[in-house]
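Each chain is listed here by its residues.
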Amino acid sequence: MYAFEFRDDLNLLDIRWTGLFTPDVARRYARELVDAFRRSGFRPGYRLRIDMSAIGVQPKDAIMTVHEALNGFPRASRIAMINGSAVGRQQIRRLMTQPYLRVFDPAEDSLAWLTAPEEAFA
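I will try to describe carefully the structure that is included in this document. Fair warning: this is a prediction, and the values are worked out from it, not measured in the lab.

A few words on the packing of aromatic side chains. Evaluation of the coordinates by the stated rule reveals 15 aromatic pairs. Judged by centre distance (5.2 Å) and plane angle (80°), the rings of F6 and F42 are edge-to-face. Taken together, the residues F6 in strand β1 (residues 2-7) and F42 in the loop between α1 (23-40) and β3 (47-51) connect sequence positions 36 residues apart. Side by side, F6 and F42 carry an identical accessibility label, which is buried. Note on W17 and Y29: the rings are 5.5 Å apart at their centroids and 85° apart in plane angle, and the pair reads as edge-to-face. Residue W17 is located in strand β2 (residues 12-17), and its partner Y29 is located in helix α1; the two are separated by 12 residues in the primary sequence. What makes W17 buried here is its relative accessible area of 4%. We classify Y29 as buried; its relative accessible area is 1%. These aromatic residues form a ring-pair network of at least three members: Y2, F4, F6, W17, F21, Y29, F37, F42, Y46 and F73. Above the face of the W113 ring, R78 is positioned so that its terminal group lies 5.9 Å from the ring centre.

Further remarks concern the environment of A86. Among the structural elements, A86 can be located in helix α3 (residues 86-95). In sequence terms A86 and A30 are 56 residues apart; their C-alpha atoms lie 25 Å from each other.

The strand order across the open sheet formed by five strands is β1-β2-β3-β4-β5, and the pairing between neighbours is mixed. Only two strands of the sheet have a single neighbouring strand rather than two, namely β1 and β5 (101-104). Going across the sheet, the axis of each strand differs from the next one's by a mean of 15°, ignoring polarity. Where β2 lies against β3, five bridges are found, and the strand directions are parallel. Within β3, the residue paired with I15 across the bridge is I50. Lying over the sheet, α3 contacts β4 (78-82) and β5, oriented at roughly 175° with respect to β5. Each of β1, β2, β3, β4 and β5 touches helix α4 (residues 108-115); the most contacted strand, β4, lies at about 180° to it.

Let us look at unusual backbone geometry. Trans peptide bonds make up the majority, and among non-glycine residues the majority have a negative phi. Of note in this structure, N11 is not a glycine but carries a positive phi near 55°. Secondary-structure assignment places N11 in the loop between β1 and β2. Using a relative accessible area of 33% as the deciding quantity, one classes N11 as partly exposed.

What follows covers the environment of V66. With respect to the helices, strands and loops of the structure, V66 is situated in helix α2 (residues 60-69). Put simply, V66 and R39 are 27 residues apart on the chain and 20 Å apart in space, counted from C-alpha to C-alpha. Sequence-distant contacts of V66, defined by excluding residues within four places in its chain, comprise W17, F21, A26 and Y29.

To continue, consider the layout of surface pockets. Roughly 580 Å³ of internal volume is contained in the largest pocket. If you trace the largest pocket, you find 28 residues lining it, with L48, H67, L70, M96 and Q98 closest to the centre. Broken down by secondary-structure element, the contributors of at least two residues to the lining of the largest pocket are β2, α1, β3, α2, β4 and α3.

Scoring rules and cut-offs
- Residues numbered from 1 in each chain as written.
- Predicted model: local features only at pLDDT ≥ 70, side-chain atom pairs only at ≥ 80, totals over all residues.
- Heavy atoms only, no water.
- Phe/Tyr/Trp six-rings, centres within 6.5 Å; stacked < 30°, edge-to-face > 60°.
- Helix = DSSP H or I, 4+ residues; strand = E, 2+ residues; numbered from the N terminus.
- Buried < 20%, exposed > 50% of the residue type's maximum accessible area, 1.4 Å probe, protein only.
- Lys NZ or Arg CZ within 6 Å of the ring centre and 35° of its normal.
- Pairing = 2+ DSSP bridges.
- Axes fitted to C-alpha atoms, helices over the stretch in contact; angles between N-to-C directions.
- Contact = heavy atoms within 4.5 Å.
- 1 Å grid on protein atoms, 1.4 Å probe; cavity = no way out; pocket = protein on both sides within 12 Å on 5 of 7 lines; lining within 4 Å.
- Points joined across faces, edges and corners; volume = space filled by probe spheres on them.

In short, shape yes, function no, at least from these values alone.
Shown next as structure tokens:
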């Protein structure tokens, strides 16, 4: 349903969602992610990529559970979301309003954007 990888070489938390969440799965995901983040040694300012290309949208109750459970999660400096579904992209933009977030389809451009020097990002 999900996997995450902490890529120290890029200061990147790379997450992939591959299935539809239920509220129970969403709570487990949030708990595991918070625990893994604490163990990783990452600090605020890391880069975040969430690949949702294997799914369109998440059920509303599940996505709201994730959203609420991760309130206060350490802030990334850039967020790249990958989703090719028009409805999925709308869901992302409705819930995630950070000005340092971009939605990509296809995924190839996301890594270049995430790892570009700060001067190129400004």
